[in-house]
Amino acid sequence: MRIARINVNTKSIEYEEITQKSKFFLLGARGLSSKIILDEVPPDCDPLGEKNKLIIANGLLAGSPFPCSARTSVGAKSPLTNGIKEANVGGRPALMLSQHGIRALVFDDISSELIYIMIKDGTLSIQSAEEYRGLGNYELHSKLLIEYGKGIGIYSIGPAGEFLMKAASVAANDMEGYPSRHAGRGGLGAVMGSKGIKAIVILPKKGSEVKIHDLKSFTKVSKPFAKLLAESKEGFSTYGTAMAMKVMSEYGGLPTKNYRMGSYEKVHDISGEKLHEVIMSRGGKKRLACSPTCVIKCSNFYVDTNGKHITSSLEYETMALCGSNLMIEDMDDLANIDHLCDDIGIDTIEFGVTIGVAMDSGEIDWGNAKKTFEILEEIRHGSEIGQLYGNGVCHVGREFNHERIPHVKGQGLSGYDPRVFKGIGLTYATSPMGADHTAGCAIAGRVASKTKDYGALTENNGKFDLSFELQLYTTILDSMGCCYFIGPSFENMELISGALNAMYDLKLTRDDIIKSGIDILKNELEFNINAGMGNETNEIPSFFRNEPSIPTDLTYTFLSEDLKGFWKRLENK
Ligand code: SF4
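Residues numbered from 1 in each chain as written. Predicted model: local features only at pLDDT ≥ 70, side-chain atom pairs only at ≥ 80, totals over all residues. Heavy atoms only, no water.

1. Here's the deal with the layout of surface pockets
Where we set the bar: We place a 1 Å grid over just the protein atoms. Points where a 1.4 Å probe fits but has no way out form a cavity, open points with protein on both sides within 12 Å along at least 5 of 7 lines form a pocket, and any residue with an atom within 4 Å of a point lines it. Grid points are joined across faces, edges and corners, and a volume is the space filled by probe spheres set on the points. Amino acids outside the nonpolar list (Ala, Val, Leu, Ile, Met, Phe, Trp, Tyr, Cys, Pro) and the charged list (Asp, Glu, Lys, Arg) are all regarded as polar, and Gly is one of them.
Of the volumes computed, that of the second largest pocket is approximately 340 Å³. Lining the second largest pocket are 17 residues, with M1, I18, F25, R103 and Y504 sitting closest to its centre. Looking at side-chain class alone, the lining of the second largest pocket contains 11 nonpolar, three polar and three charged residues.

2. A few points about helix α18 (residues 490–504)
In an α-helix, one turn spans 3.6 residues, which is why side chains three or four residues apart end up on the same side. Which entries qualify depends on this criterion: Each helix corresponds to a stretch of at least 4 residues labelled H or I by DSSP, and each strand to a stretch of at least 2 residues labelled E; elements are numbered beginning at the N terminus. Expected span, for any helix, means 1.5 Å times one less than how many residues it has. Relative accessibility under 20% of the residue-type maximum defines a buried residue, over 50% an exposed one, and the middle range a partly exposed one, all with a 1.4 Å probe and only protein chains included. The contact criterion used throughout is that any non-hydrogen atoms of two residues lie within 4.5 Å.
Under the 1.5 Å per step criterion, the end-to-end length of α18 is 22 Å for 15 residues, consistent within 8% with the ideal 21 Å. Listed in full, the buried residues belonging to α18 are N492, M493, I496, S497, A499, L500, N501, A502, M503 and Y504. Each element contacted by the buried residues of α18 is listed here: β6 (102–108), α6 (215–232), α17 (463–480) and α19 (510–530). Residue D505 follows α18 closely and has a positive phi angle near 60°.

3. A closer look at the packing of aromatic side chains
So the rule is basically this: Centre distance within 6.5 Å is the pairing criterion for rings of Phe, Tyr and Trp, where only the six-membered ring of Trp is used; planes under 30 degrees apart are then read as stacked, over 60 as edge-to-face, and the remainder as tilted. Both a distance and an angle decide whether a charge sits over a ring: NZ of Lys or CZ of Arg must be within 6 Å of the ring centre and within 35 degrees of the ring normal.
With the rule as written, the count across this model stands at 21 aromatic pairs. Both rings, one in F464 and one in F558, keep their centres 5.4 Å apart while their planes meet at 85°; by these two values the pair is edge-to-face. Of this pair, F464 sits in helix α17 while F558 sits in the loop between α20 (542–546) and α21 (560–564), and the two are 94 residues apart along the sequence. Of the residues examined, F558 reaches a relative accessible area of 4% and is grouped as buried. One aromatic cluster is present, formed by F464, F468, Y556, F558, F566 and W567 through successive ring pairs. One cation-aromatic arrangement involves R2 over Y15; the distance from NZ or CZ to the ring centre is 4.3 Å. Sitting over the face of the ring of F490, R510 holds its NZ or CZ atom 3.9 Å from the ring centroid.

4. Digging into the nonpolar core
One broad rule of soluble globular proteins: the nonpolar side chains tend to lie buried together. Short version of the rule: The criterion is simple. A nonpolar core is a set of buried Ala, Val, Leu, Ile, Met, Phe, Trp, Tyr and Cys residues joined through side-chain atoms within 4.5 Å.
Among the nonpolar cores identified, the biggest contains 152 residues, and L61, F66, L105, F107, I200, I379 and Y389 are the most heavily contacted of them. No other element matches α17, which puts nine residues into this core. The next biggest cluster of nonpolar side chains, apart from the first, holds 17 residues, and it includes L32, I37, I55 and M433.

5. Description of the sheet that holds strand β11 (residues 181–183)
Defined as follows: The pairing criterion is simple: DSSP has to find at least two bridges between the two strands. Comment: axis = line fitted to C-alpha atoms, over the contacting stretch for helices; angle = value between 0 and 180 degrees taken between N-to-C directions.
Taken in spatial order, the six strands of this open sheet run β8-β7-β12-β9-β10-β11, and their pairing is mixed. With one partner strand each, in any of the chains shown, β8 (123–128) and β11 form the two edges of the open sheet. Across this sheet, the average inter-strand angle for adjacent strands is 20°, counted without regard to direction. Across two bridges, strand β9 (residues 153–156) lies against strand β10 (residues 170–172) in antiparallel orientation. When the bridges of β10 are listed, S156 appears paired with A171.

6. Here we look at helix α12 (residues 348–360)
This is how it is decided: Here a polar contact means two N or O atoms within 3.5 Å. Within protein one must be a hydrogen donor candidate and the other an acceptor candidate, and residues neighboring in sequence count only if both atoms are side-chain atoms.
Between its terminal C-alpha atoms α12 stretches 18 Å, which fits the 18 Å expected from 13 residues at 1.5 Å a residue. Within α12, 13 of the 13 residues are buried, leaving the element largely enclosed by the surrounding structure. Its side-chain oxygen at 3.2 Å from the backbone nitrogen of I349, D347 defines the N-terminal cap of α12. Of the residues one or two after α12, G362 is the one with positive phi, at around 90°.

7. Topic: the packing of α12 against helix α13 (residues 369–381)
For clarity, the threshold we go by: By definition in this entry, angles of less than 35 degrees are roughly parallel, angles greater than 145 are roughly antiparallel, angles of 65 to 115 are roughly perpendicular, and the rest are oblique. In a left-handed crossing the near helix is turned counterclockwise from the far helix by less than a right angle, and in a right-handed crossing that turn is clockwise.
Relative to each other, α12 and α13 sit at 120°, their axes nearing to 12 Å. One way to sum up the angle between α12 and α13 is to call them oblique. Relative to α13, the crossing made by α12 is right-handed. Between α12, through F351, I355 and M359, and α13, the contact on the second element is made entirely by T372, I375, L376 and I379.

8. Quick notes on the pairing of strand β3 (residues 54–58)
Across the five residues of β3, five count as buried, placing the element largely inside the fold. Of the two faces of β3, both are covered, the one formed by L54, I56 and N58 as well as the one formed by I55 and A57. In this sheet, β6 lies alongside β3 in antiparallel orientation, the contact comprising four bridges. Across the sheet, the residue bridging to I56 is L105, located in β6. As judged from the four bridges shared by β3 and strand β4 (residues 72–77), these two strands associate in the antiparallel manner. What sits directly across from N58, in β4, is T72.

9. Digging into the pairing of β8
As judged from the six bridges shared by strand β7 (residues 115–120) and β8, these two strands associate in the antiparallel manner. Within the sheet, the bridge partner assigned to I115 lies in β8 and is S128. With antiparallel pairing between neighbouring strands as the criterion, β7 and β8 make up a hairpin whose turn holds two residues, including D121 at a positive phi of roughly 50°.

10. Focus on the side chain of N492
Here N492 is to be found in helix α18. Side-chain polar atoms of N492 contact the backbone oxygen of I486, separated by 3.0 Å. For N492, the residues in contact, after removing those within four places along its chain, are F225, I486 and G487.

11. Things to note about the sheet that holds strand β5 (residues 84–89)
Spatially, the six strands line up as an open sheet ordered β2-β1-β6-β3-β4-β5, and their pairing is mixed. Across the chains shown, the open sheet's two edge strands, defined by having one partner strand only, are β2 (12–17) and β5. Here the average twist between neighbouring strands, direction ignored, is 15°. Bridge analysis of β4 against β5 gives six bridges, and the strand direction is antiparallel. Bridging from a neighbouring strand, K77 pairs with I84 of β5.

12. Digging into the environment of Y178
Relative to the elements of secondary structure, Y178 occurs in the loop between β10 and β11. Look at Y178 and you get partly exposed, because its relative accessible area is 26%. Y178 sits 39 residues away from E139 along the chain, and the two C-alpha atoms are 10.0 Å apart.

13. A word on unusual backbone geometry
Looking along the chain, the bond that leaves S312 and enters S313 is cis, with omega of 10°. Going from I550 to P551, the amide bond is cis rather than trans, its omega being 10°. Its location among the elements puts P551 in the loop between α20 and α21. Although it is not a glycine, A29 adopts a positive phi angle of roughly 45°. Secondary-structure assignment places A29 in helix α1 (residues 29–40). Note on A29: relative accessible area 0%, which makes it buried.

14. Observations regarding the environment of T557
Position of T557 among the secondary structure elements: in the loop between α20 and α21. If sequence neighbours within four positions are ignored, T557 has contacts with K422, N460 and R545. Of the polar contacts made by the side chain of T557, one reaches the side chain of N460; its length is 2.9 Å.

Printed below as a string of structure tokens:
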């Protein structure tokens, strides 16, 4: 496996072999990205300047049949948080990169010239992308598919990335060929835009450079696990992440009206069950894999009344932040918001939280979907209004002088009320990634070990252990390129060690795997401290402490000093 290093200014391309002696050996996806950022990116640099690097990396299990192992990590210093950032995404390209023998692409410097990268037979070339300037992801992808064939993998940015907007995402094409999968969080699309990269196109390759040392042993680990996942996630496969809408509302933890409430009276209109009904009645699709090797298949394909594709996949966080959070109750409106965000290349979570603050401050009426569409078109064109709304929730909150800004470290909260779901409330406050549910999603039904009691969901008891352990195990899954729906648990770390041993001819123990996760977290925390984003920034907005959530009457009650001391548990490890 190799790392390809591309200087977008000088147009030089160098390849670095990852050998057993390399410091990057046994680092993949998030772990590799975070190590490169710590070692090579000056922590005080401008995230959109020449010193930042953009890393696109697949995981250590990419290219293998291990279930749900074909995700991409996108990493950089974040323009949104100013700290280290990794956002991962499904889609086709990660597996294809590994087939070309590429573990990571590392982009250096900046360029005002718009380019795209072509990967063919394991070799990169740089092409002009001026003809694609300003295109939305949908038009861009359809042009590239016509040019290079249906089997290509694509990473790309939309106009928001080109305009360097801090909520911009990086798109990847899904299994059906649409640019619907997004590394949304942290504004990494803006970093890609600062480097002038409109797209990365990966041509299909005959055969694969991925080698599995002992396929028999590998299969012994991965096959029963795949079967278990497929069987045990039946309901999740049918209803997808949207099934959480009603559950979260019943708990009183569904963001509603910019986190003024936790239950939405019209949740039935935008629930997972309703989504299922609409999709099935119109001839859409359910139970889709967003990337190769996925056996859980939680994705969907949403169509209009004529059966025409609108978006894929409509997910819980989009429905929560752009639905109940904005009091928008029409499923088609949500599907169209999702489509536009994907096309323009903007994070649906950050966008929903941003509009929520604008509505809360009286700038836009609650539930005004039409205005939301207009704002998205302003973002597409990079207008003054577009710049106002495309740069994240803190930017809009400052402009409107609004006090209730649901963010941590500059990044909008995803779809779970931290007053109610105590574990994820800790993850939001302490993760090196800012408020990010994927960093350690301690919500209903999620435990880090089958044999441990982490206390009731809405009580503080046990949540320091739960959040810490989920953050640790999720870091490891992220570094394998695995979807966190396979379960960031102590038990599954044993499976990971078994798979790595069979693949790379190693003798790793579960403890070794856990230690590797600890090292990655330490790298990320060290970068953040050097970037001025140390433990003192582990805090939640004060309104969560002062305003009881309706209807639960719960407030955020973890002590500030405990949040600041959260990572002390990494000392001596
Ligand atoms: S479980 Fe869902 S999100 Fe995870 S890889 Fe499969 S389809 Fe994608």
